[in-house]
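Observations on chain architecture
Residues per chain are reported as follows:
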Amino acid sequence: MKRLAGPVVVLALGLGLVGCGAETTQVRPDPLERLLATSESMIVRANGPDTWEVVVCRVPRGATDPLYAEFDDRMERDADEIVALLRPVSDYYERWSGGRYELRFVPAANEVSILSTESSQQCVDRALDRSSPTADGVVVVADAQHDRSAEGGRGGPGSPCVDDCSAKTTGRYVYVGASDFMSVWGSEPPLDLIEHELGHGLDWPHSSLDAESLDGVVYDSPYDLMSNSAAAREADETLRHGPGILAVNLLAAGWLNRTESWWLGDGTRVVEVGARSDHASSNPRLVSLSIDESRFYSIELVSASGDDAFHESDFVLIHRVEITPGSGFDRRQFLVSDELRAGDAWTQNGVAVRVLTMGDGRARIEISEAA
Ligand SMILES: [Zn+2]
């Protein structure tokens, strides 16, 4: 991965001139470097083939796990049929990774089942236990629908691995209820939920429209697959995919070629950013303003096209990102700006970000000290 070090290098050179041969050079630790370091094992999984075994879990009528609705009807599809329905999910990730991530779904040899007194987690445990050594993760689809008030699904990256990264060893899984795979949807079911859970499989965290929502476990952002994944479908019921992926998550997956990184207080800069979805762009697709070694503002351009076409027009967004030790899932990410278009400005923490011009999938932005 190639990344411009920006003013971090300038600062180091500047300090190096002070004193007579004394070792005074100090490079401030860049939070983007830290994020990449904590994402190392996931970057390996997110670049190249990633094979997920699809397992159907049969749930008896009268199951006592409160996750399940008290409906008698059950999903009739088998793993082969679900694998066929998931093909556009691979395409979604192909688009957003710029062809780096090859998400493959294969049907498991056998189904699993639980007793009426057992929980959904037993579906997962059995699927993992019986998974083949070549499966990097298991997608477990229960044949029972979840209660409306319950979560649609869940997923995670499993434990870190070096040599044996099979799902059986790491426990990497995605689990969803039957709702999106009921035959009522025909051959085009909603795919945003499973796309979201697979994002957790890459250790991506949730985001929200503000810090309060994030703390309140309200995932309300239409700008992020890992927040309101149904945002596109809510705007147009014929749409099937989640919205786009936050630039910080693209970075954590190793899917960004180029970023720019500055510190608050570094003076005035003007930079042209490319759309977060545009892998062909020669411009940076993430500009960060570092607050300290674990916190930064992430600036990105959302193009109202492709999976983000349900938005009215292009705009710039600013999120605050707080890296936590260990897991990506615990990273805090929340929106701090409005949708910023040409002429709009945002100010916080002594810094001002102004959108100078916007068009052709690019935006020129000026970063300066707030007046
Ligand atoms: Zn989630």
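Residues numbered from 1 in each chain as written. Predicted model: local features only at pLDDT ≥ 70, side-chain atom pairs only at ≥ 80, totals over all residues. Heavy atoms only, no water.

**Details of the packing of aromatic side chains**
- Following the criterion strictly, the structure yields nine aromatic pairs and no others.
- Their ring planes at 85 degrees and their centres at 5.6 Å tell us that Y93 and Y101 sit as a pair that is edge-to-face.
- Given a relative accessible area of 0%, Y93 falls into the buried group.
- Given the relative accessible area of 1%, Y101 is considered buried.
- Counting every residue linked through ring pairs, the aromatic cluster contains Y92, Y93, W96, Y101, W204 and W255. (Phe/Tyr/Trp six-rings, centres within 6.5 Å; stacked < 30°, edge-to-face > 60°. Buried < 20%, exposed > 50% of the residue type's maximum accessible area, 1.4 Å probe, protein only.)

**Some words on the confidence of the model for the chain**
- Across the chain, pLDDT averages 91, with 93% of residues at or above 70.
- In this model residues 1–24 is a low-confidence stretch, pLDDT under 50, and it forms 34 contacts with partners more than four residues away in sequence or in other chains. (pLDDT = per-residue confidence, 0-100. Contact = heavy atoms within 4.5 Å.)

**Considering the pattern of salt bridges**
- In total, this model carries 18 salt bridges according to the counting rule given.
- Here E260 and R258 are joined by a salt bridge, their closest N and O atoms 2.8 Å apart.
- One salt bridge in this structure joins E322 and R332, with 3.0 Å as the shortest N-O distance. Taken together, the residues span a long stretch of sequence, with E322 in strand β11 (residues 315–322) and R332 in strand β12 (residues 332–335) at a distance of ten residues.
- Each of the salt bridges in this network shares a partner with another, and the network as a whole consists of R58, R74, E111 and D143. (Salt bridge = Lys/Arg side-chain N within 4 Å of Asp/Glu carboxyl O. Helix = DSSP H or I, 4+ residues; strand = E, 2+ residues; numbered from the N terminus.)

**Let's talk about the nonpolar core**
- Counting 50 residues, the largest nonpolar core has Y93, F105, L198 and W255 as its most contacted members.
- Split by domain, this core shows at least three residues from each of two domains, domain 1 (30–39 + 248–369) and domain 2 (46–202).
- Apart from residues lying up to four places away in sequence, F105 is in contact with W52, V54, V83, L86, V89, S90, V139 and L198.
- Formed by 23 residues, the second largest nonpolar core is a distinct cluster that contains L289, I291, Y297 and L340. (Core = buried A, V, L, I, M, F, W, Y, C linked by side-chain atoms within 4.5 Å. Domains from an automatic or database assignment.)

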